[in-house]
Number of protein chains: 2
Amino acid sequence: MKVVRTVDEVRAELAPRRSAGAIGLVPTMGALHDGHRSLLRAARQAVDAVVVSLFVNPLQFGPHEDFSAYPRGESADLATCEQERADVVFAPNAAEMAMESGVTTVTVAGLSEIVEGAARPSHFQGVCTVVAKLLNIVRPDTLFLGQKDAQQNAVIARLVADLSYGVSITVCPTVREPDGLALSSRNAYLSRSQRADAAALHRALLTGRERIEDGATVEEAERAMQEVLAAQRGVEPDYARAVDPHSFKAPQDEGPVLLVVAARVGEARLIDNLTAHPGRG
Amino acid sequence: MKVVRTVDEVRAELAPRRSAGAIGLVPTMGALHDGHRSLLRAARQAVDAVVVSLFVNPLQFGPHEDFSAYPRGESADLATCEQERADVVFAPNAAEMAMESGVTTVTVAGLSEIVEGAARPSHFQGVCTVVAKLLNIVRPDTLFLGQKDAQQNAVIARLVADLSYGVSITVCPTVREPDGLALSSRNAYLSRSQRADAAALHRALLTGRERIEDGATVEEAERAMQEVLAAQRGVEPDYARAVDPHSFKAPQDEGPVLLVVAARVGEARLIDNLTAHPGRG
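1. Focus: the overall build of chain A
Counting its secondary structure elements, chain A contains ten helices and ten strands. In summary, chain A has a C-alpha radius of gyration of 19 Å against a globular reference of 19 Å for 281 residues, a match within 12%. In terms of principal-axis extent, the alpha carbons of chain A reach across some 55 × 40 × 40 Å. When burial is assessed residue by residue, chain A has 48% of its 281 residues classed as buried. Once local pairs closer than 6 in sequence are excluded, the contacts in chain A between residues at least 24 apart make up 72%.

Shown next as structure tokens:
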């Protein structure tokens, strides 16, 4: 496994691998957990060269968000990448990525301004800008993303299509704790009791799915999810919505509904989602 | 010479050429003239595979600008490309480029909002978005641009650097008529007499350069250029500025000054520029 720090090193390292086969990129902000491992394994199965990026992107954090607190632990991350047989780890410093200024930005209008985007106003612009840059640096054939960040995935899919990046996207299922809590680097902020409280997000999603599959309306399902979140001591609900999985607007008359929740638990702002099929119950 | 219409065809056509050598891209909106020819020749000298794009990008025209009137003549353009020994011409239709929506956009803040950007508010965002997309489709090693669009070149240079496109940029000198008028596809809008009037833009630049090189201040040079434009019947001046060639803000104390002018002549809005070296006269 090769660890590289600069854009030039990535290009030099990937040039020979590019002609030899397919390149996969697993973009991460480090603090790797079993959710990331599942992406690394999916990439290892699917492509010839697995590239992992480790970069805490300042542009995707709001001014009062947790950029400086975000967990960082490169040596553990490199060990994880090694165990999962990554080929190249791109771990640039902030100067190499030069993402502070926000002069040049990539924006997906609409989708970036609703639901999670309404809660975090410049978040998806920061995501799009760094993803565009990583795609330009690595030029992968396939991008591996986790289902937990469903709206981010929808934004990136739109970015890739609209700007003709010609990269295919593989979305891997959310990895969960036994009680349903979705794995997230931000779970590291939780105390033991907050960790237990946070399972309410998944319980809310299960309740919403049950309602939708029993024929309830979107509004009824949203209310039911809200109630589960609000009933849990230590959980401060942000939103609980039932949306179209691609547009994140009101669901279509036919097809699956994506249930999405966000809540604050202690210092952590957590998100999760689950797909429901109306009238299937 | 291969003429291709779809993104997939570009990729298929370029894949074998990419491993065989360097790829150059000459991005154009068609209506090719001798300025474009000079770009094609520079590309032919410098790279192994010369790609020309012909696409009138709707996103870079404002709502009251000349998108529908913009000159189009594909058969003449293809003949020019053939004569200049281009390898691949990418001439997509609007649906293939899907640039109408403006959902996904690429923005270079600051530089895009001043001088020409102040006169044409969303113009450079439209340019950046289509250039990002063309770079993703063609993935050239070198991009060939004309000096006439100096601010556009500065915007694209910033885009390429900030998003790590890893493409080098070759800027070719402006090609002029014997009376100094810069070649432009929009010169096609000019009547014979307007064509003569339009030479005032270049005369204004020559006057500005003389003043700067004689030690005049930026303000004096700008006033002198304004006077030349205003004195010419049939010319409606927009701006006449002396700026830093990279930032397009006030010039540095040392180094060259870029003189930039814009004016309306009949139906045509024309721009031009010239470099001056303070105190050289």
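2. Considerations on the domain arrangement of chain A
Residues and elements named next belong to chain A. Assigned domains within chain A: domain 1 (2–172) and domain 2 (185–274). On a C-alpha basis, the centroid separation for the pair domain 1 and domain 2 is 25 Å. Domain 1 puts 13 residues into the contact, and the matching count from domain 2 is 15 residues. Of all elements in the fold, only helix H5 (116–119) and helix H7 (150–162) reach the threshold of two or more residues within the side of domain 1 that touches domain 2. The greatest single-element share of the side of domain 1 that touches domain 2, amounting to three residues, is contributed by H7.

3. Side note on the sheet that holds strand E1 (residues 2–4) of chain B
Residue and element names in this part refer to chain B. On the basis of which strands lie adjacent, the open sheet formed by six strands has the order E1-E4-E3-E2-E6-E7 and parallel pairing. Single-partner strands in this sheet number two, and they are E1 and strand E7 (168–172). Direction aside, neighbouring strands of the sheet carry axes that sit 25° apart on average. In this structure, strand E2 (residues 23–28) lies alongside strand E3 (residues 49–54), joined through six bridges in parallel fashion. Bridge pairing links Thr28 to Leu54 in E3. In the packing of helix H1 (residues 7–20) onto the sheet, contacts are made with E1, E2, E3 and strand E4 (88–90), and the angle to E1 comes to roughly 140°.

4. A few points about the interface of chain A and chain B
In this assembly, 23 residues from chain A lie in contact with 23 residues from chain B. Elements with a contribution of two residues or more to the side of chain A that touches chain B: helix H1 (7–20), strand E5 (104–108), helix H6 (123–138) and H7 of chain A. Its residues assigned to classes, the side of chain A that touches chain B shows eleven nonpolar, eight polar and four charged. Both E5 of chain A and strand E5 (residues 104–108) of chain B contribute to a ladder of five bridges, which runs antiparallel. Counterpart to Val106 of chain A in the pairing with E5 of chain B is Val106 of chain B.

5. A word on the nonpolar core
Across soluble globular proteins, nonpolar side chains show a tendency to be buried alongside one another. Core analysis: the biggest nonpolar cluster contains 163 residues, and Leu159, Leu259 and Val261 of chain A together with Leu159, Leu259 and Val261 of chain B have the highest contact counts within it. In this view, Leu159 of chain B contacts Thr104 of chain A together with Val106, Val108, Cys128, Val131 and Ala132 of chain B; residues no more than four positions away in its chain are not counted.

6. Observations regarding the relation of the copies chain A and chain B
Mapping chain A onto chain B calls for a screw motion: a turn of 180° about the axis and a shift of 0.0 Å along it, with 0.0 Å RMSD after fitting. Read as a symmetry element, the transformation amounts to a two-fold axis. When C-alpha positions in chain A are compared against the rotation axis, the closest is assigned to Val106 of chain A, at 2.2 Å. Same-surface contact between copies: 100% of interface residues of chain A are shared with the interface of chain B.

7. As for helix H7 (residues 150–162) of chain B
Residues and elements named next belong to chain B. For H7, spanning 13 residues, the distance from its first C-alpha to its last is 18 Å, which sits close to the expected 18 Å at 1.5 Å a residue. Summarising burial for H7: ten of the 13 residues are buried, a large majority. Three or more residues of H7 are buried, namely Ala150, Gln151, Gln152, Ala154, Val155, Ile156, Arg158, Leu159, Val160 and Asp162. Count one or two residues on from H7 and you reach Ser164, which has phi positive near 55°.

8. Side note on the environment of Glu177 of chain B
Residues and elements named next belong to chain B. Here Glu177 lies in the loop between E7 and helix H8 (192–197). A count of 14 C-beta atoms within 10 Å places Glu177 in the partly exposed class. Taking the C-alpha atoms as reference points, Glu177 and Asp34, separated by 143 residues in sequence, lie 9.8 Å from one another.

9. Side note on the packing of helix H9 (residues 200–213) of chain B against helix H10 (residues 218–231) of chain B
Residue and element names in this part refer to chain B. Contact pair H9 / H10: the axes reach a minimum separation of 8 Å and the direction vectors enclose 155°. By the angle between their directions, the pair H9 and H10 is classed as roughly antiparallel. Here H9 runs over H10; the crossing is right-handed. Residues Ala200, Arg203, Ala204, Leu205, Thr207, Gly208, Arg211 and Ile212 of H9 form the contact with H10, whose own contacting residues are Glu220, Ala221, Ala224, Met225, Val228 and Leu229. Among the residues making up the contact of H9 with H10, the classes are represented as nine nonpolar, two polar and three charged.

10. So, H1 of chain B
It helps to recall that an α-helix has 3.6 residues per turn; residues three or four apart then point in one direction. Taking 1.5 Å per residue as the helical rise, H1 of chain B with its 14 residues ought to reach 20 Å, and the 20 Å between its terminal C-alpha atoms agrees with that figure. At Leu14 of chain B, H1 of chain B shows its maximal kink, close to 35°; a proline, Pro16 of chain B, follows between one and four residues later.

11. Points about the confidence of the model for chain A
With 99% of its residues at a pLDDT of 70 or more, chain A has an overall mean of 96. Taken over the whole predicted complex, pTM reads 0.96, whereas the ipTM for its chain interfaces reads 0.95.

12. Observations regarding unusual backbone geometry
Residues and elements named next belong to chain A. Even without glycine at this site, Val115 takes up a positive phi of about 50°. Among the secondary structure elements, Val115 is positioned in the loop between E5 and H5. Despite not being glycine, Arg139 shows a phi value in the positive range, around 50°. Within the secondary structure, Arg139 is located in the loop between H6 and strand E6 (142–146). On the neighbour-count criterion, Arg139 (20 C-beta atoms within 10 Å) is buried.

Reading the values: rules and limits
- The residue numbers shown here count from 1 along each chain, following its written sequence.
- Starting at A for chains and at 1 for ligands, labels are handed out in the order in which the entities are written.
- The predicted origin of the model limits local features to residues at a pLDDT of at least 70 and limits the giving and counting of side-chain atom pairs to 80 or more, whereas totals for whole chains, interfaces and linings rest on all residues.
- Think of it this way: any DSSP run of H or I at least four residues long counts as a helix, any run of E at least two long counts as a strand, and we number them from the N terminus.
- Radius of gyration here is computed from C-alpha atoms only, and the compact-globule reference equals 2.2 Å multiplied by the residue count raised to the power 0.38.
- The burial label depends on the number of other C-beta atoms within 10 Å of a residue's C-beta. Counts of 20 or more mean buried, 12 or fewer mean exposed, and intermediate counts mean partly exposed, with C-beta atoms placed from the backbone.
- In this description, any two residues whose backbone-derived C-beta atoms lie within 7 Å of each other are considered to be in contact.
- In this document the domain limits rely on a domain assignment from an automatic tool or a database.
- Pairs of strands are assigned from DSSP output, requiring at least two bridges between the strands.
- A fitted line through C-alpha atoms represents every axis, and for helices the fit uses only the stretch in contact; the resulting angles, taken between N-to-C directions, go from 0 to 180 degrees.
- Charged means Asp, Glu, Lys or Arg here, nonpolar means Ala, Val, Leu, Ile, Met, Phe, Trp, Tyr, Cys or Pro, and polar covers whatever is left, Gly included.
- Think of a nonpolar core as buried Ala, Val, Leu, Ile, Met, Phe, Trp, Tyr and Cys residues, each tied to the set through C-beta atoms within 7 Å.
- Least-squares superposition aligns the copies on the C-alpha atoms of those residues with pLDDT at or above 70 in both.
- For a helix, the expected span equals 1.5 Å multiplied by the residue count minus one.
- Here roughly perpendicular refers to angles of 65 to 115 degrees, roughly parallel to angles under 35, roughly antiparallel to angles over 145, and oblique to all remaining angles.
- Crossings are sorted by hand: turned counterclockwise from the far helix by less than a right angle, the near helix makes the crossing left-handed, and turned clockwise it makes it right-handed.
- Here the bend at each residue means the angle between axes fitted to two seven-residue stretches, the one ending at that residue and the one beginning there.
- Each residue carries a pLDDT score, the predictor's own confidence in it, on a scale running from 0 to 100.

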